[in-house]
Amino acid sequence: QVQLVESGGGLVQPGESLRLSCAASGSGFSINAMSWYRQAPGKERELVAVIISGSTTTYADSVKGRFTISRDNGKNTVYLQMNSLTPEDTAVYYCNANIWYRGILSHHYWGQGTQVTVSS
């Protein structure tokens, strides 16, 4: 059993910041990489940021310079620091994990999603 639980979403004004958290719980697994996706109304889910075991990161062009992904390996938690938010960042944000479980590496682990709304 592996479960991802997200928190930190909310309503903010343009230019403000939010910090999302996603904690993985369970047993018998190890995390290879974690990532954040987002899905705005009427749009497909898109990749926002990825962090791998060696702390290497990659970002979507739309968030480079504004968002920072990080992880706490001891807590099996990934964070997304979102600065200089704009209304275009409004979406449901989903945590995804690339996990070794029962000898299989899979990225089919998702959080429930947390709503981020940026509006004046």
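Preceding block: the structure.
The structure contained in this document is the topic of the report that follows. The structure displayed is predicted, hence computed values, not measured ones.

### Structural notes on the side chain of Ser 106
Relative to the assigned elements, Ser 106 resides in strand β10 (residues 104–110). Ser 106 gets classed as buried once you look at its relative accessible area, which sits at 17%. Reaching out from Ser 106, the side chain makes a polar contact with the backbone nitrogen of His 108 at a distance of 3.1 Å. Here Ser 106 is in contact with Ala 97, Asn 98 and Ile 99, once residues within four sequence places are set aside.

### Topic: the sheet that holds strand β7 (residues 67–72)
Taken in spatial order, the four strands of this open sheet run β1-β3-β8-β7, and their pairing is antiparallel. Unpaired on one side and paired on the other, β1 (2–7) and β7 mark the two borders of the sheet. Strand-to-strand twist across the sheet, computed as the mean angle between neighbouring axes with direction ignored, equals 15 degrees. Bridge count between β7 and strand β8 (residues 77–82): six bridges; the pairing is antiparallel. Looking across to β8, one finds that Thr 68 is bridged to Gln 81.

### Details of the pairing of β1
Here β1 shows a buried face lined by Val 2, Leu 4 and Glu 6 and an unburied face lined by Gln 3, Val 5 and Ser 7. Looking at chain direction, β1 and strand β3 (residues 18–26) are connected through six bridges and run antiparallel. Note that in β3 the partner of Gln 3 across the bridge is Ser 25.

### Observations regarding the state of the cysteines
Applying the stated criterion across every chain, the model contains one disulfide. Disulfide pairing places Cys 22 opposite Cys 95 at an S-S distance of 2.1 Å. The chirality of the disulfide connecting Cys 22 with Cys 95 is left-handed, given an S-S dihedral of about -80 degrees. Taken together, the residues span a long stretch of sequence, with Cys 22 in strand β3 and Cys 95 in strand β9 (residues 91–101) at a distance of 73 residues. Both residues of the pair, Cys 22 and Cys 95, belong to the buried class.

### Quick word on the nonpolar core
The biggest cluster of nonpolar side chains holds 32 residues, and the ones touching the most others in it are Met 34, Trp 36, Leu 80, Met 82 and Tyr 93. Secondary-structure elements contributing two or more residues to this core are β1, β3, β4 (29–39), β5 (46–52), β7, β8, β9 and β11 (114–118). Looking at this core, the element that brings in the most residues is β9, giving six residues. Once you skip the residues sitting within four places of it in the chain, Tyr 93 turns out to touch Glu 6, Leu 20, Trp 36, Tyr 37, Arg 38, Val 48, Phe 67, Leu 80, Met 82, Gly 113, Thr 114 and Val 116.

Rules and cut-offs
- Residues numbered from 1 in each chain as written.
- Predicted model: local features only at pLDDT ≥ 70, side-chain atom pairs only at ≥ 80, totals over all residues.
- Heavy atoms only, no water.
- Helix = DSSP H or I, 4+ residues; strand = E, 2+ residues; numbered from the N terminus.
- Buried < 20%, exposed > 50% of the residue type's maximum accessible area, 1.4 Å probe, protein only.
- Polar contact = N/O pair within 3.5 Å; in protein donor to acceptor, adjacent residues only side chain to side chain.
- Contact = heavy atoms within 4.5 Å.
- Pairing = 2+ DSSP bridges.
- Axes fitted to C-alpha atoms, helices over the stretch in contact; angles between N-to-C directions.
- Disulfide = S-S within 2.5 Å.
- Core = buried A, V, L, I, M, F, W, Y, C linked by side-chain atoms within 4.5 Å.

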